[in-house]
Amino acid sequence: MEVVNLQDLVRGIRNHKEDEAKYISQCIDEIKQELKQDNIAVKANAVCKLTYLQMLGYDISWAAFNIIEVMSASKFTFKRIGYLAASQSFHEGTDVIMLTTNQIRKDLSSPSQYDTGVALTGLSCFVTPDLARDLANDIMTLMSHTKPYIRKKAVLIMYKVFLKYPESLRPAFPRLKEKLEDPDPGVQSAAVNVICELARRNPKNYLSLAPLFFKLMTSSTNNWVLIKIIKLFGALTPLEPRLGKKLIEPLTNLIHSGISVLPPIPAPGEGVLVPRGPEWVSALAMVLTAVLTKLSVAVLISLSSGMPNHSASIQVRPSLGGDHGVPHLKYLGLLAMSKILKTHPKSVQSHKDLILQCLDDKDESIRLRALDLLYGMVSKKNLMEIVKKLMTHVDKAEGTTYRDELLTKIIDICSQSNYQYITNFEWYISILVELTRLEGTRHGHLIAAQMLDVAIRVKAIRKFAVSQMSALLDSAHLLASSTQRNGICEVLYAAAWICGEFSEHLQEPHHTLEAMLRPRVTTLPGHIQAVYVQNVVKLYASILQQKEQAGEAEGAQAVTQLMVDRLPQFVQSADLEVQERASCILQLVKHIQKLQAKDVPVAEEVSALFAGELNPVAPKAQKKVPVPEGLDLDAWINEPLSDSESEDERPRAVFHEEEQRRPKHRPSEADEEELARRREARKQEQANNPFYIKSSPSPQKRYQDTPGVEHIPVVQIDLSVPLKVPGLPMSDQYVKLEEERRHRQKLEKDKRRKKRKEKEKKGKRRHSSLPTESDEDIAPAQQVDIVTEEMPENALPSDEDDKDPNDPYRALDIDLDKPLADSEKLPIQKHRNTETSKSPEKDVPMVEKKSKKPKKKEKKHKQKERDKEKKKEKEKKKSPKPKKKKHRKEKEERTKGKKKSKKQPPGSEEAAGEPVQNGAPEEEQLPVRGTSAPPPRTCDIRGSLQEDSQVTVAIVLENRSSSILKGMELSVLDSLNARMARPQGSSVHDGVPVPFQLPPGVSNEAQYVFTIQSIVMAQKLKGTLSFIAKNDEGATHEKLDFRLHFSCSSYLITTPCYSDAFAKLLESGDLSMSSIKVDGIRMSFQNLLAKICFHHHFSVVERVDSCASMYSRSIQGHHVCLLVKKGENSVSVDGKCSDSTLLSNLLEEMKATLAKC
Amino acid sequence: MAWISHEWFSIIPLDIVLIILSEGHSTTASLPQHGDRGFPFAAAAAAAAAAAGQALPRPRPAAAMQFMLLFSRQGKLRLQKWYVPLSDKEKKKITRELVQTVLARKPKMCSFLEWRDLKIVYKRYASLYFCCAIEDQDNELITLEIIHRYVELLDKYFGSVCELDIIFNFEKAYFILDEFLLGGEVQETSKKNVLKAIEQADLLQESFFSS
């Protein structure tokens, strides 16, 4: 078959423009054929073509396995293609990705740096938590590779590994830190990159690195690195203010040198931005980075003072507004301003006009930036002006997106910090009303929410708000466009509610009532109609009261009749909520009608339905209620029924709409006195409670001086501000009025000031600075009471709920200065034994997959197992047989025996929890060259009950030579199963120092902790002791090889057991059985048992004649039971244990011991 | 700290910002301009429909650069590199939306736009748009410089690169990118080193069907 290469494919696609899809499906069929061939070159070619097709949007996930095949090709040519395809098409959901682990590990340790490089690059694109965990250690090793090319890549990819497997951060961090001082600038820059990214998310953990980075900043000449470092300091300075001061000088220098690279200002219209070369751009970028960090202030000052000639550039300022300005720089300038704004609002505010001009820009990016900036720029003084300007833009704006953006920004600007900048709420209401005239906006609900909020919280404005809202309800133009959902008709929701709730302020309640009962209302969305229905009754109640008080019985009856006539249209509503409310109310009104017919006064009772004040509740109030002590919300109150009827299937729509509404709570029966008393009590409590959130910032304080629901605040009616603007008002009028008012205020103030001054100081006179009008001078038009939203008592002022629990960086918030605990060690390449595969992280995805593809999983498993076996064989071959083993063992045995007999008499029982001596050590010494005699050593292996799977190895070192031994270092070659616990940051190959020196003839003991994965088999660890032997003739460096033998018995801990418990254990049937028999024993049974107790850590449970039962427990909790019987000349041991391998190994060891008797 | 008094600052308000605002001039893309093999320059499409950013599952941030896209003026994707793991479906959706948005922008507009919660930095070279997505706190200008540097690398490697080079040797374009950026971070700031690594790797590479 002829093979089409990539170029042919591309050409073919270009030639088949009309029937591209058909051509490609044909190609894919061919590719499928090619993938079936054995020739790897053909396969790679096919995969290459697939990668191209993937880019065009075709699914190639079916070829994932073929991609892996190509990845594992031995030739770099193909491997490169395979990894490229994998990096383009693999993602976390690709299930075959777990098959790549071994291949990637192999490539990472490949002798060719390009193989390694390609694997690292590929891995950076598709690393999964599993891959990260399995390969973290390999990559960490590569960080110290000899080639900078590899080091650099390994350092960068570590960041990805940290994100996927946060546990790796602590063990890897010391090495990462080391790389900051790597001789290769590329590696150094990579390390800076990674640490900078880490520090940006959790700066507090990296403060200790500040001096190091400071050094780097002053010494580095690489702009890319400098930018990152400046960014890092930007994150660190808020935490350590002293740092900012220290940074001024180096930063200033940097920026000076940066500026010096900038080209002179060219004449408009000539030259281009980019070809000026990267120096220019990166220098500029650096300047900007500095501007964008919080350090900017200092830098800016020094800049502008150091470079007066640059102020000439202010002349070019108009270019901001012109069409020929540089859009990039305009954008970045605005961005920079927004950063400066936070620290120095005044300096930015002086450029208000410039920024407002940017709102006219064609470019939406710039407009949005400018809008963003305006948000931070408003003050009491300029709010009205800015909003006015925005309103004109709203009218002009093309496209709903931008208009919606404007609308939300206007509302944001006005409502920020609890309406801090609004001096005239009538103006604000009229702005909101004007906004309702926008067509096709999506933000009706936002306007509605604002209206409600203002009307509820600013009591003084209610009268005005009600008049505006009734006008809104009356005007039909909103209803006309009510067909679209989520549209502006949401406003009617607020309007209806406000008119109903505050109906006492209505001028013509009857008129409004009729407006709310119009037939067209039924075209509104259900939830709005529901509010209508509810508020119609409130309105009705208040009208009824008015009429009855005025003695117009007929008028009252007429209103009731109107209700009875119109309500049925709501009863027929399709919306259940509307229907329910309407029919309920209709019955009520009919009842009232009956009473009215009998001339019974009803108004009091009807109004009692709606008595009381509704207080605003903070949106997060519910969440912030602290859980009382001793209340467990997760505990079952009643045990759940096993067969639960699903409640969820109930149609949710019924109460769905209700949730969006303000929670209503109406204590209809509570009498006023009780309310007042409670309120007083609560106020008292709030005042005494330091944790109660007092919402108002300082400028608001004065509003709070006259709080209280009972007192409607004193409205200082300024005669120039009419409380009612007829019809729908124009907010502009307010602007004008406000200006006049302020002017007058100012004049008055000046007058007063002059008077005062004249009174106070006649002789001493100096030119007073011009009385600048500051924010504080502007008195609000109305004295308003902004009611604090209610929060639960004892609510904690925490922002916890703002954090995203899914934020991947949260997991990386790790204290890096703590010493590394043993459990935090990176997993090292090892055979997966049963235990590790049971670890929970591993298990969960497996289970999920199992249900889908059980067959595939088995296959994978088998392959893994095959891999394991292969490796084991290799390892066996590697370990050479020790020489002279026997001889040394005997010698060893003697010393050990002596030592032990001192420490632990045979058969003694030790309290559980204490480390128990369990040694069965073996030591091997190789002849040491040179003058110093080999220092003989003893070691004990002790299990500890506190830490399962950990044993302490105590090594006694005795110096028998005449030299002083120092600088001793112990290095042990970890096996798959046993690992030595090393201090933080040291690698597997590093030696662990022995914490003492040995003068001649002295012995001392050093202890090391080993972590054992599986204890069912005995094992040996090879190790080397290196030391410096120093005597009169000089010092020599010596080595001594040895071998640690971890026997199965050493994992057992002598544990006493009572016969009844022992019997129960045997009956349980969970134990597997095995037995041995040894002939030719002449020792007494008593001694025999003592020997077993001593060497194998058993305790005797019961002894009857020449028969005894014994018991012991392993550090991992296996039970071991023995039945020892002595015959004439032989001993038989029957064992039962929860692990059969452990048992058979133990019995083997026991056989060896007994054979010596 | 006495040196940051308000007075000081208000005297010297925004000189530096204004320098930045006023310096430089035209944004016309300038690099590879070879008419023989490439595509002719053309005025940007004037399609005005601004794509409205719908609420979508936001891509999980994990790298300085989230992804890089190369696409033609016709909206054909020429290269895509994702530094955040996303499903194919999401990738396609993002690509489609972004290509539309960027192509709708006029040539005189700035190279930056805010899109979802990312910042998009793009630049047009001849008929190709280079488009990168970065996180909010990242530096736009440096990203522009990364794009430019990548173009320079392509230019050096292919010798006056044009769109066709990237189409027919797309895997090489990826290899170069992979030597330059890793996991969304700049890996090698020296152009010489990048090209050296690529050349040496190419030496190892044999012709596909030689053996």
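Being a predicted model, the structure only gives us computed values, none of them experimental.

Here is what the cut-offs are and how they apply
Residues numbered from 1 in each chain as written. Chains lettered and ligands numbered in written order. Predicted model: local features only at pLDDT ≥ 70, side-chain atom pairs only at ≥ 80, totals over all residues. Heavy atoms only, no water. Helix = DSSP H or I, 4+ residues; strand = E, 2+ residues; numbered from the N terminus. Contact = heavy atoms within 4.5 Å. Areas by Shrake-Rupley, 256 points an atom, 1.4 Å probe, with all protein chains shown as cover. Pairing = 2+ DSSP bridges. Axes fitted to C-alpha atoms, helices over the stretch in contact; angles between N-to-C directions. Buried < 20%, exposed > 50% of the residue type's maximum accessible area, 1.4 Å probe, protein only. Core = buried A, V, L, I, M, F, W, Y, C linked by side-chain atoms within 4.5 Å. pLDDT = per-residue confidence, 0-100. Parallel < 35°, antiparallel > 145°, perpendicular 65-115°, else oblique. Left-handed = near helix turned anticlockwise from the far one by under 90°. Nonpolar A, V, L, I, M, F, W, Y, C, P; charged D, E, K, R; others polar. Phe/Tyr/Trp six-rings, centres within 6.5 Å; stacked < 30°, edge-to-face > 60°. Lys NZ or Arg CZ within 6 Å of the ring centre and 35° of its normal. Salt bridge = Lys/Arg side-chain N within 4 Å of Asp/Glu carboxyl O. Expected span 1.5 Å × (residues − 1). Patch = residues over 30% accessible without salt bridge, like charges linked within 9 Å, V, L, I, M, F, W, Y side chains within 5 Å. Lys, Arg positive; Asp, Glu negative; His and termini not counted. Charge placed at Lys NZ, Arg CZ, Asp CG, Glu CD.

**What to know about the overall build of chain B**
Scanning chain B from N- to C-terminus turns up 7 helices and 7 strands. Traced from its N-terminal end to its C-terminal end, chain B shows the element sequence α-α-β-β-α-β-β-β-α-α-α-β-β-α. Considering only contacts within chain B whose residues lie at least 6 apart along the sequence, 58% involve residues at least 24 apart. Per element, the accessible surface of chain B, about 8,200 Å² overall, is 56% carbon and sulfur.

**Structural notes on the sheet that holds strand β4 (residues 964-972) of chain A**
Residues and elements named next belong to chain A. The strand order across the open sheet formed by 4 strands is β6-β4-β8-β9, and the pairing between neighbours is antiparallel. Edge positions in the open sheet fall to β6 (992-993) and β9 (1034-1046), since each of these has one partner strand only. Across 7 bridges, β4 lies against strand β8 (residues 1019-1031) in antiparallel orientation. Counterpart to Ile 964 in the pairing with β8 is Lys 1030.

**Structural notes on the sheet that holds strand β2 (residues 77-82) of chain B**
All names here are of chain B. With respect to topology, 5 strands assemble into an open sheet ordered β2-β1-β5-β4-β3, the strand pairing being antiparallel. Taken across any chain shown, the strands that pair with only one partner, and hence form the sheet edges, are β2 and β3 (112-115). When strand polarity is set aside, the average angle formed by the axes of neighbouring strands in this sheet is 20°. In this sheet, strand β5 (residues 128-134) lies alongside strand β4 (residues 118-125) in antiparallel orientation, the contact comprising 7 bridges. Paired with Tyr 122 across the bridge in β5 is Cys 131. Sheet strands in contact with helix α3 (residues 88-103) are β1 (65-72), β2, β3, β4 and β5, and its direction is about 60° off that of β1.

**Description of the pairing of β4(B)**
All names here are of chain B. Burial runs high along β4: 8 of the 8 residues are buried. By the bridge criterion, 4 bridges tie β3 to β4 in an arrangement that is antiparallel. Along β4, the bridge assignment pairs Trp 115 with Leu 118. Two successive antiparallel strands, β3 and β4, enclose a turn made up of 2 residues, where Arg 116 displays a positive phi of approximately 50°. What sits between β4 and β5 in their antiparallel hairpin is a turn of 2 residues, with Ala 126 showing a positive phi close to 50°.

**Details of the nonpolar core**
Side chains of nonpolar character tend, in soluble globular proteins, to be buried together. If you look at the biggest cluster of nonpolar residues, it comprises 274 residues, and the most contacted ones within it are Phe126(A), Phe213(A), Phe233(A), Tyr428(A), Leu435(A), Met451(A) and Tyr150(B). Apart from residues no more than four positions distant in its own chain, Met451(A) is found in contact with Leu432(A), Val433(A), Thr436(A), Met469(A), Leu472(A), Val491(A), Ala494(A) and Ile498(A).

**Some remarks on the confidence of the model for chain B**
Residues and elements named next belong to chain B. This prediction gives chain B a mean pLDDT of 71; 67% of its residues lie at or above 70. When pLDDT is averaged over each element of chain B, β5 comes out on top at 93 and helix α1 (residues 6-11) at the bottom at 33. Between residues 1-62, whose pLDDT stays under 50, and residues either more than four places distant or in other chains, the model counts 150 contacts. With pTM at 0.58, the complex prediction returns an ipTM value of 0.76.

**Remarks on the pairing of β8(A)**
All names here are of chain A. Pairing of β8 with β9 involves 13 bridges; the strand directions are antiparallel. In the sheet register, Gln 1019 faces β9, and the bridge partner there is Phe 1046. Hairpin remark: β8 followed by β9, antiparallel, with 2 residues in the connecting loop.

**Thoughts on the packing of helix α3 (residues 40-55) of chain A against helix α5 (residues 76-89) of chain A**
Residue and element names in this part refer to chain A. It is the contact of α3 with α5, at a shortest axis distance of 9 Å, that shows an interaxial angle of 30°. When the axes of α3 and α5 are compared, the pair comes out roughly parallel. In the crossing of α3 with α5, the sense of the turn from one axis to the other is left-handed. For the pair α3 and α5, contact is made by Ile 40, Ala 41, Ala 44, Val 47, Cys 48, Thr 51 and Gln 54 and by Phe 78, Ile 81, Leu 84, Ala 85, Gln 88 and Ser 89, respectively. Considering only residue class, the contact of α3 with α5 consists of 9 nonpolar, 4 polar and no charged.

**Quick word on the packing of aromatic side chains**
Under the defined criterion, the tally for this structure stands at 17 aromatic pairs over all chains. Relative to Phe126(A), the ring of Phe90(A) lies with its centre 5.6 Å away and its plane at 65°, an arrangement referred to as edge-to-face. With Phe90(A) in the loop between α5 and α6 (101-108) and Phe126(A) in helix α7 (residues 113-126), this pair connects stretches of sequence that are 36 residues apart. The pair Phe90(A) / Phe126(A) is uniform in exposure class, with both members buried. Note on Tyr122(B) and Tyr129(B): the rings are 6.4 Å apart at their centroids and 45° apart in plane angle, and the pair reads as tilted. With respect to class, Tyr122(B) is no different from Tyr129(B); both count as buried. By the ring-pair criterion, three or more aromatic residues cluster together here, those being Tyr419(A), Phe425(A), Trp427(A) and Tyr428(A). The ring of Phe175(B) has Arg80(A) sitting right over it, with the charged end atom 3.9 Å from the ring centre. The ring centre of Tyr125(B) lies 5.7 Å from the NZ or CZ of Lys123(B), which sits over that ring.

**Comments concerning the pattern of salt bridges**
Evaluation of the coordinates by the stated rule reveals 35 salt bridges over all chains. Ionic pairing is found between Asp372(A) and Arg369(A), a salt bridge with its closest N-O pair at 3.2 Å. Separated by 3 residues within a single helix, Asp372(A) and Arg369(A) lie in helix α20 (residues 364-377), roughly one turn from each other. On the basis of relative accessibility, which here comes to 33%, the residue Asp372(A) falls in the partly exposed class. Look at Arg369(A) and you get buried, because its relative accessible area is 6%. Ionic pairing is found between Asp178(B) and Lys81(B), a salt bridge with its closest N-O pair at 3.0 Å. Linking Asp178(B) in helix α6 (residues 170-180) with Lys81(B) in strand β2, this pair joins segments that are 97 residues apart in sequence. Residues participating in the shared-partner salt-bridge network are Glu197(A), Arg200(A), Arg201(A), Lys228(A), Glu135(B) and Glu185(B).

**Topic: helix α24 (residues 444-457) of chain A**
All names here are of chain A. For α24, with 14 residues, the first-to-last C-alpha span of 20 Å sits near the 20 Å given by 1.5 Å per residue. Summarising burial for α24: 11 of the 14 residues are buried, a large majority. Buried residues of α24: Gly 444, Ile 447, Ala 448, Gln 450, Met 451, Leu 452, Asp 453, Val 454, Ala 455, Ile 456 and Arg 457, and no others. On its buried face, α24 is in contact with α22 (400-419), α23 (425-435), α25 (462-474) and α27 (490-501).

**Considerations on a nonpolar patch on the surface**
All names here are of chain A. A cluster of nonpolar side chains, contributed by Val 627, Leu 631 and Leu 633, occupies part of the molecular surface with about 300 Å² of accessible area. With respect to the element layout, Leu 631 can be found in the loop between α34 (621-624) and α35 (653-656). The class of Leu 631 is partly exposed, set by a relative accessible area of 45%.

**Some words on a positive patch on the surface**
Residues and elements named next belong to chain B. The grouping of Lys 89, Lys 92, Lys 93 and Arg 96 at the surface amounts to a positive patch. Structurally, Lys 92 can be placed in helix α3. Overall, Lys 92 belongs to the partly exposed group, its relative accessible area being 43%.

**What about unusual backbone geometry?**
The phi angle at Tyr419(A) is positive, at roughly 60°, despite the residue not being glycine. For Tyr419(A), the position within the fold is in helix α22. Even without a glycine there, the phi angle at Ser160(B) is positive, about 50°. Mapped onto the elements, Ser160(B) comes out in the loop between α4 (140-158) and α5 (163-168).

**Some words on the environment of Leu1025(A)**
Residues and elements named next belong to chain A. Mapping Leu 1025 onto the fold places it in strand β8. The class of Leu 1025 is buried, set by a relative accessible area of 0%. Residues Leu 1025 and Glu 969, spaced 56 residues apart in sequence, show a C-alpha to C-alpha distance of 5.7 Å.

**Quick look at the environment of Arg437(A)**
Residues and elements named next belong to chain A. Tracing the chain through its elements places Arg 437 in the loop between α23 and α24. The class of Arg 437 is partly exposed, set by a relative accessible area of 37%. Taking the C-alpha atoms as reference, Arg 437 lies 10.0 Å from Asp 395; in sequence the two are 42 residues apart.

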